[in-house]
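Commentary on secondary and tertiary structure
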Amino acid sequence: MTHTVTTTLRASLASIALLCATALPASAQAHKLVDAVHESPSHLGFAAEDGLVTSSWERNLDALDFTDHKVGDFSLQAVVEDKAQRVGLTPGPFIEAWDLGSYQQLEMWVWIDGVPGSGPVEFVLIDQSGNAARHADLSVEADGAWKQLRIPLDELEGDASFQRNAVAAVQTASPLPVGATVGFDGAMFTSEDCGAPLGVTDMTYAQRMSEADATREARARASYRLTADFEQPGGFLFDLYAKLWLNEDVDEVNAQLLAIFSADPTSELGRKHEIHRDWSLWLSPYMVRLYHQFGSTSRKMPGRLYPDTEQALLELLWNRTQATNDIALTRKSTWWMIGSENHDIHVKADALISSQIFKNHPDFKDRAYENAGHGGGMGYWFHHNHGDGTFKGPQGNAQWADGNEYTAQDHCEAWTAYWKEYLRERVKKGFFLEVASQGYMKFTVSSIQDIYDKAEDPELKALAKDFLDLVWAEWAQDQLVAIRGGSKTRWYDRPYGAMFRASAFHTGGMTNDPVWWYMLYASDYRWPEYVWRMALDRQGKGDFAYISRKPGEEPVRWPRPAGLERTLICDTESRLVRYSWVTPDYILGTQMDHPGAVHSHLSSQNRWQGMTFAANPTATIAPVALDLSNPERWKQAGRASVPMYRSAQEGNVLITQQARRWTQQNPDWYPAKVNANLPYGVRFNGKMDALDEQDGWVFARVGDAYVGVRVVKGGYDYDENWTEAGESELYAVMDDGAYVWGPKKQFIRFTDNYSPVILHAGRADTHGDYESFKAHVLAGQVRLRNTVVPGWYVLEYRPQGESPRDFEFNVANSSIPSINGELVDYAPPYVFRSPFLNAKYDSGVVRITVDDIDTTLDFRPHQASINAD
């Protein structure tokens, strides 16, 4: 779909123009030009034969070229697809024009291909009124070669009425034919009097942050327009929130909300909108956000929620929180998570914010909550949630109630203290259990955002702000093209997850999400500068390891304490270590779990490990379980059939194997699913630029990233003369039939489900061309050392030449692998470690170092202060 944005941004442009007049920081990093995957493509524009090129905020990652660029991480490519069109660059869809009064020169790199004939292609500058300005040197031969243009603006010639303070595009003077391609990079306007250029394809951090802030309201308006016009799936009501924000159809929206909030929960209307579901992932947060944004006490848009609608909302919110807002839960460990991590976090955030609302409201402040004290998860009952009955399931078996009456004031104070402890504990010991989940992070992050936006307690508000900053910093260093790399838990096969979409809005683009991120556009939260620095300039960050400890291990408690029938117990010193090798071209990552770890029912769910790429965001290479039910078309096994794995990784080498066994402890009322001995293989997902085989290895190339995949299986020949067996029999002969290809060559299947597989990655910058990389990998040593029982092995792998590394991986048993003679450490003394993010385990103090920024987040009690970033 295409959307036109007509919002005028004259005031915003004035603030952006001040970039030239502002004193610049001394650091060279502050002047560095960087790309942004969500925002940069929006500067590409197209027009009909006589038109002014215009741009769109629609996502266009296909326009990014990571393998052929001059400045930053990538260049932009514009392809003429349907009919002859003019092609060019614009200030973007949310800024009308460039004011070039302070700038003396246009600079940009350009190449053009696919234009027949020998004449050069001319470019012109066009102002908002359509007046053109030309220069003799503003042209490029259509030979596919980069050319750098430097054009003095005072030498432009053309229409006398051309307005240099309202330039709307740099574009081709004539339309290009279908099939023509234009590449742009390093486009900017520079000035001798101003150290900071006005960037177009690439910008300084200061310009990016300034423009994101200046266009934020316009981007919010466009986002809410999209949400308001989108037919919401199921019973979601996000379009009504958007209409209230836009101040449209307010009478009609209030009438609809009043009918829904007043409905019988068991009626068709009530069930459609999940009124009956106390554990709905969206309804209670939605109601809280409606009240804070549009209610009578709102500091933002008060009065758009009418009094009778507001009263119905509050009565329903009170009734819905009776089971979930149990004060007894505030006295329990913050590592006890009800149902799942995202359910637990959103319900407890709603408990805090709703009790804060009620303590300030005359109709509710003296009411007492139920104080049942039977344990977590009342109403968390699938038969009730998805069926037609009114029974909300069995209560827990705890007797935690103390017989006292507690009001909203009591609950707000208890939950405030609880949430301070919750945030501190996650910083001390690691987050999250649902590691990098593409879907569930939208609930987790938005709940913390709600606490930051709405909490009255200044210390809690400051903690929530710092915690959000840390969450985004942790994400920023471990992503390419805004897609999280490395291992994931509760992963689903979706290339663009929740954090991808939210990061688009934070970096000056659009989420293109008409449903889930509606609350982001109204939030006061902004990224601090160090998150921008960590997220952008991937080339400048080089290659590095990011190692972190993750929760998910449970203490063995049989029987489980009463009241935890629906609750995870994750309060041990967890021995789960996540490892990512991050480069500008790929990320390779896994999670290494201690063989004796006792997993919760979620820490082992839908695990993913493998390799992601910058050049193709939808391409992945990953060991997976296979669904072979259709012999003509294999596919990755679904949610119910995702096995556990055991792994060892250092740097660009990962060795992994389907786990033969592991220990999992489930809450009493959850099923214990066993996923073992599944058909196993490696998926080559998305377009590979090269895919070939040599000497037992499968090699692949995506852009400037390479990988060799070696499935290892030993051959065993019976020898009657055992007494003659000598040193040569210490190692097994390699079986050439370790894998077979799937019918569409998207998968290889292991002929032994428990074969180990080696992933050895590299990139052009460090290994040269693809053929050189393959030769390098083939020069390494792969051996299978026999154990006592024939047919069972220890895998030994020594890559050639790369600061010698010896991997030993026991394929027969769940022992601890070693690297260079050192056993894998599953309990390192840090919770975060990378060149940019470091924290000692259990300290609560995080140091963030990026470019010339060095800051500390101190989560210890009495240390938090409101972050002014």
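In what follows, the structure referred to is the one given above.
Described in the following lines is the structure provided in the data block. (Residues numbered from 1 in each chain as written. Predicted model: local features only at pLDDT ≥ 70, side-chain atom pairs only at ≥ 80, totals over all residues. Heavy atoms only, no water.)

Side note on the overall build of the chain
Across its full length, the chain holds 19 helices and 45 strands. Computed over its C-alpha atoms, the radius of gyration of the chain comes to 29 Å, within 12% of the 29 Å expected for a compact globule of 869 residues. Here the chain holds 869 residues, and 61% of them are scored as buried. Taking all contacts inside the chain whose residues are at least 6 apart in sequence as the whole, residues at least 24 apart take part in 73%. With an accessible surface of roughly 32,700 Å², the chain has 48% of that area assigned to carbon and sulfur atoms. If the 82 positive side-chain charges of the chain are averaged to one point and the 115 negative ones to another, these points end up 5 Å apart. (Helix = DSSP H or I, 4+ residues; strand = E, 2+ residues; numbered from the N terminus. Rg over C-alpha atoms; globule rule 2.2 N^0.38 Å. Buried < 20%, exposed > 50% of the residue type's maximum accessible area, 1.4 Å probe, protein only. Contact = heavy atoms within 4.5 Å. Areas by Shrake-Rupley, 256 points an atom, 1.4 Å probe, with all protein chains shown as cover. Lys, Arg positive; Asp, Glu negative; His and termini not counted. Charge placed at Lys NZ, Arg CZ, Asp CG, Glu CD.)

Considering the pattern of salt bridges
When the charged atoms of two side chains with opposite charge come close together, those side chains can pair. The tally for this structure, following the rule as stated, stands at 52 salt bridges. With a closest N to O distance of 3.0 Å, Asp 585 and Arg 763 form a salt bridge. Taken as a pair, Asp 585 in the loop between strand S19 (576-582) and strand S20 (586-593) and Arg 763 in strand S36 (residues 757-763) lie far apart in primary sequence, 178 residues in all. With respect to class, Asp 585 is no different from Arg 763; both count as buried. (Salt bridge = Lys/Arg side-chain N within 4 Å of Asp/Glu carboxyl O.)

Details of a negative patch on the surface
On the surface, Asp 137, Asp 154, Glu 155 and Glu 157 cluster together into a negatively charged patch. Given a relative accessible area of 49%, Asp 137 falls into the partly exposed group. (Patch = residues over 30% accessible without salt bridge, like charges linked within 9 Å, V, L, I, M, F, W, Y side chains within 5 Å.)

Re helix H5 (residues 238-246)
A large share of H5 lies buried, amounting to 9 of its 9 residues. Among all positions in H5, only Phe 238, Asp 239, Leu 240, Tyr 241, Ala 242, Lys 243, Leu 244, Trp 245 and Leu 246 are buried. Of the surrounding elements, those touching the buried residues of H5 are helix H4 (216-229), helix H6 (250-261) and helix H8 (283-294). Looking one or two places after H5, you find Asn 247, whose phi comes out positive at around 60°.

Examining the nonpolar core
The biggest cluster of nonpolar side chains holds 168 residues, and the ones touching the most others in it are Met 108, Phe 123, Leu 125, Phe 189, Leu 257, Tyr 286 and Trp 419. For Phe 189, the residues in contact, after removing those within four places along its chain, are Trp 98, Leu 100, Tyr 103, Gln 105, Leu 106, Leu 125, Leu 153, Val 170, Pro 197, Leu 198 and Val 200. (Core = buried A, V, L, I, M, F, W, Y, C linked by side-chain atoms within 4.5 Å.)

Quick word on the side chain of Asp 585
Taking the relative accessible area as the measure of exposure, Asp 585 reaches 7% and is therefore buried. The contact partners of Asp 585, leaving out residues within four places of it in the chain, are Leu 480, Gln 539, Thr 612, Phe 613, Ala 614, Asp 704, Ala 705 and Arg 763.

Section: the packing of H8 against helix H9 (residues 307-324)
Two numbers describe how H8 lies on H9: the axes approach to 10 Å, and their chain directions differ by 140°. For the crossing formed where H8 meets H9, the hand is left-handed. Where H8 abuts H9, its residues Leu 283, Ser 284, Met 287, Val 288, Leu 290 and Tyr 291 lie against Glu 310, Leu 313, Leu 314, Leu 316, Leu 317 and Arg 320. (Axes fitted to C-alpha atoms, helices over the stretch in contact; angles between N-to-C directions. Left-handed = near helix turned anticlockwise from the far one by under 90°.)

What to know about the side chain of Arg 424
Mapping Arg 424 onto the fold places it in helix H12 (residues 408-429). Residue class for Arg 424 comes out buried when judged on its relative accessible area of 9%. In this structure, Arg 424 is in contact with Glu 459, Leu 463, Phe 859, Arg 860, Pro 861 and His 862, ignoring residues within four places of it in sequence.

Here we look at the sheet that holds strand S39 (residues 807-810)
The strand order across the open sheet built from 5 strands is S37-S38-S39-S40-S41, with neighbouring strands paired in antiparallel fashion. Across the chains shown, the open sheet's two edge strands, defined by having one partner strand only, are strand S37 (781-786) and strand S41 (822-823). By the bridge criterion, 2 bridges tie S39 to strand S40 (residues 818-819) in an arrangement that is antiparallel. Directly across from Phe 807, in S40, lies its bridge partner Ile 819. (Pairing = 2+ DSSP bridges.)

Here's the deal with the packing of helix H14 (residues 458-476) against helix H15 (residues 498-506)
Interaxial distance between H14 and H15 falls to 12 Å at its minimum, and their mutual angle equals 110°. Classified by the angle their axes make, H14 and H15 are roughly perpendicular. Side by side, H14 and H15 meet where Val 471, Trp 472 and Trp 475 of the first sit next to Met 499, Ala 502, Ser 503 and His 506 of the second. Across the contact of H14 with H15, the residue classes tally to 5 nonpolar, 2 polar and no charged. (Parallel < 35°, antiparallel > 145°, perpendicular 65-115°, else oblique. Nonpolar A, V, L, I, M, F, W, Y, C, P; charged D, E, K, R; others polar.)

Quick notes on the pairing of strand S45 (residues 853-858)
Judged from the 6 bridges that link them, strand S44 (residues 845-850) and S45 form a sheet pairing that is antiparallel. Counted as the bridge partner of Thr 849 is Asp 854 from S45. The antiparallel pairing of S44 with S45 creates a hairpin that spans 2 residues between the two strands, and Asp 851 there sits at a positive phi of about 55°.

What to know about the packing of aromatic side chains
A full pass over the atoms with the stated rule returns 54 aromatic pairs. With a centroid separation of 6.2 Å and an interplanar angle of 75°, the aromatic rings of Phe 432 and Phe 467 are classed as edge-to-face. Of this pair, Phe 432 sits in the loop between H12 and helix H13 (441-454) while Phe 467 is found in helix H14, placing the two residues 35 residues apart along the sequence. Take Phe 432 and Phe 467: they sit in the same class, and that class is buried. (Phe/Tyr/Trp six-rings, centres within 6.5 Å; stacked < 30°, edge-to-face > 60°.)

What to know about unusual backbone geometry
Glycine aside, residues mostly have negative phi angles, and peptide bonds mostly take the trans form. Omega for the peptide link from Phe 431 to Phe 432 comes to -10°, which places this bond in the cis form. With an omega dihedral of -5°, the bond running from Trp 558 to Pro 559 counts as a cis peptide bond. By the element assignment, Pro 559 lies in the loop between strand S17 (544-550) and strand S18 (567-569). At Asn 606, a residue that is not glycine, the phi angle is positive and equals roughly 50°. Within the secondary structure layout, Asn 606 lies in the loop between strand S21 (598-599) and strand S22 (610-613). Taking relative accessible area as the criterion, Asn 606 reaches 5% and is therefore assigned buried. Positioned with a positive phi, Asp 695 is a non-glycine residue whose angle comes to about 50°.

Quick notes on the environment of Ala 259
Structurally, Ala 259 can be placed in helix H6. Taking relative accessible area as the criterion, Ala 259 reaches 39% and is therefore assigned partly exposed. Between the C-alpha atom of Ala 259 and that of Leu 269, which follows or precedes it by 10 residues, the distance is 8.7 Å.

Let's talk about the pairing of S22
Both S20 and S22 contribute to a ladder of 4 bridges, which runs antiparallel. Looking across to S22, one finds that Ile 587 is bridged to Thr 612. Across 2 bridges, S22 lies against strand S23 (residues 620-627) in antiparallel orientation. Within S23, the residue paired with Thr 612 across the bridge is Thr 620. Taking the residues that link successive antiparallel strands as the turn, the S22-S23 hairpin has 6 residues.

A look at the sheet that holds strand S29 (residues 690-694)
A sheet is described by the order of its strands in space; here 6 strands give the open sequence S25-S26-S36-S31-S30-S29, paired in antiparallel fashion. Of all strands in the sheet, those with a lone pairing partner are strand S25 (645-650) and S29, marking the two edges. Put simply, the sheet's adjacent strands are angled 20° from each other on average, direction ignored. Pairing of S29 with strand S30 (residues 697-702) involves 5 bridges; the strand directions are antiparallel. Residue Asp 692 lies in a different strand from S30, and its bridge partner there is Phe 699. Where helix H19 (residues 770-778) meets the sheet, it contacts S29, S30, strand S31 (705-711) and S36, and its direction lies at approximately 150° from that of S30.

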